[in-house]
Amino acid sequence: MSGGKEQQAARPRWTQTWLTGARSAGADLGRPGERLGLPVSGSGAIASYGRRLLALFIDWGLSTLVASGLARALDWSAPQRSLWTLVIFGIQAWLLTATLGTTIGKRLCRIRVVRLDGRPVGFLMGFARSLLLLLVLPALIWDRDYRGMHDRASNTAVVNI
């Protein structure tokens, strides 16, 4: 009877395999960025979820401040202000990513967007990436390299500076 308990203790419980992900079930997925040829850590390594999320909150907060200032000056209603917050966020994400590879929030979090082929992000890919980001759902579907559908569609990755 004790042999059965020892054997049972050595194997993960069924909830541990699907609740904690594929790695706990024994699948070797590699580290984020490995398939892309990116370094393990430091400059050029895949940026963490935390940094990306903090950068998003900073950028959204700045867009809200700008929209609030315009709403006061132009006497906009709350729904108009909300719409313009989204528009301002999209425009700043597009233009700053396309030209500098980073937004204000990303810069403060020491991360940037790079194209995997080494070229600048550019206006077309920056626009595609920003448009998908505004749709929200594509940005929530990630692969094992921490790339959302918006990154995959624009052939980009978010890396540490």
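Scoring rules and cut-offs
Within any chain, residue numbers begin from 1 and follow the written order of that chain's sequence. Thresholds applied to this predicted model are a pLDDT of at least 70 for local features of residues and 80 or more for the giving and counting of side-chain atom pairs; totals over whole chains, interfaces and linings are not thresholded and use all residues. The side-chain quantities take in all heavy atoms of the structure and omit both hydrogens and water. Per residue, pLDDT captures the predictor's confidence, and it can take any value from 0 to 100. Put simply, DSSP H or I for four residues or longer makes a helix, DSSP E for two residues or longer makes a strand, and each gets a number counted from the N terminus. By definition, a salt bridge exists where a carboxyl oxygen of Asp or Glu is found within 4 Å of a side-chain nitrogen of Lys or Arg. Exposed residues in this analysis have more than 50% of their type's maximum accessible area, buried residues have under 20%, and partly exposed residues fall in between, with area computed by a 1.4 Å probe over protein chains only. Two rings belonging to Phe, Tyr or Trp (six-membered ring only in the last case) form a pair when the distance between their centres is within 6.5 Å. Interplanar angles under 30 degrees mark stacking, angles over 60 mark edge-to-face geometry, and anything in between is tilted. Note on geometry: axes are C-alpha line fits, over the in-contact stretch for helices, and angles between N-to-C directions span 0 to 180 degrees. For classification purposes, an angle smaller than 35 degrees is called roughly parallel, one larger than 145 roughly antiparallel, one from 65 to 115 roughly perpendicular, and anything else oblique. A clockwise turn of the near helix away from the far one marks a right-handed crossing, whereas an anticlockwise turn of less than a right angle marks a left-handed crossing. Note on contacts: a residue pair is in contact if any heavy atoms of the two residues lie within 4.5 Å. Gly falls in the polar group here, along with every residue not listed as nonpolar (Ala, Val, Leu, Ile, Met, Phe, Trp, Tyr, Cys, Pro) or charged (Asp, Glu, Lys, Arg).

Caption draft 1: Up close: the confidence of the model for the chain. With 82% of its residues at a pLDDT of 70 or more, the chain has an overall mean of 88. Mean pLDDT across the secondary structure elements of the chain bottoms out at helix α1 (residues 2–10), with 55, and peaks at helix α5 (residues 104–108), with 98.

Caption draft 2: Layout of the pattern of salt bridges. The final tally for this structure, using the stated rule, is 7 salt bridges. D151 is the partner of R129 in a salt bridge, and the nearest nitrogen-oxygen pair spans 2.8 Å. Of this pair, R129 sits in helix α6 (residues 122–134) while D151 sits in helix α8 (residues 149–153); the two residues are 22 residues apart in sequence, bridging distant segments of the chain. In this structure, R129 and D151 share a single accessibility class: buried.

Caption draft 3: Quick peek at the packing of aromatic side chains. Counted according to the given criterion, the structure contains 7 aromatic pairs. Between W76 and W84, the aromatic rings sit 5.4 Å apart at their centres with planes inclined by 15 degrees, giving stacked as the arrangement. Since its relative accessible area comes to 37%, W84 is described here as partly exposed. Both rings, one in W142 and one in Y146, keep their centres 6.4 Å apart while their planes meet at 70 degrees; by these two values the pair is edge-to-face. You can call W142 partly exposed: its relative accessible area is 31%. Judged by relative accessible area, Y146 falls into the partly exposed class, the value being 22%. Feature note: the residues Y49, W142 and Y146 constitute an aromatic cluster, connected by ring pairs.

Caption draft 4: Region of interest: unusual backbone geometry. Its identity as a non-glycine residue notwithstanding, V136 has a phi of 65 degrees, on the positive side. Here V136 shows up in the loop between α6 and α7 (137–140). Taking relative accessible area as the criterion, V136 reaches 44% and is therefore assigned partly exposed.

Caption draft 5: Broad picture of the packing of helix α3 (residues 49–74) against helix α4 (residues 78–100). At a closest axis distance of 8 Å, the pairing of α3 and α4 adopts a crossing angle of 130 degrees. With respect to α4, the element α3 is oriented oblique. You can see that α3 and α4 cross each other, and the crossing is right-handed. For the pair formed by α3 and α4, the contact residues are L56, D59, W60, S63, T64, V66, A67, S68, L70 and A71 on the first element and R81, W84, T85, L86, I88, F89 and Q92 on the second. A breakdown of the residues in the contact of α3 with α4 according to their chemical character gives 10 nonpolar, 5 polar and 2 charged.

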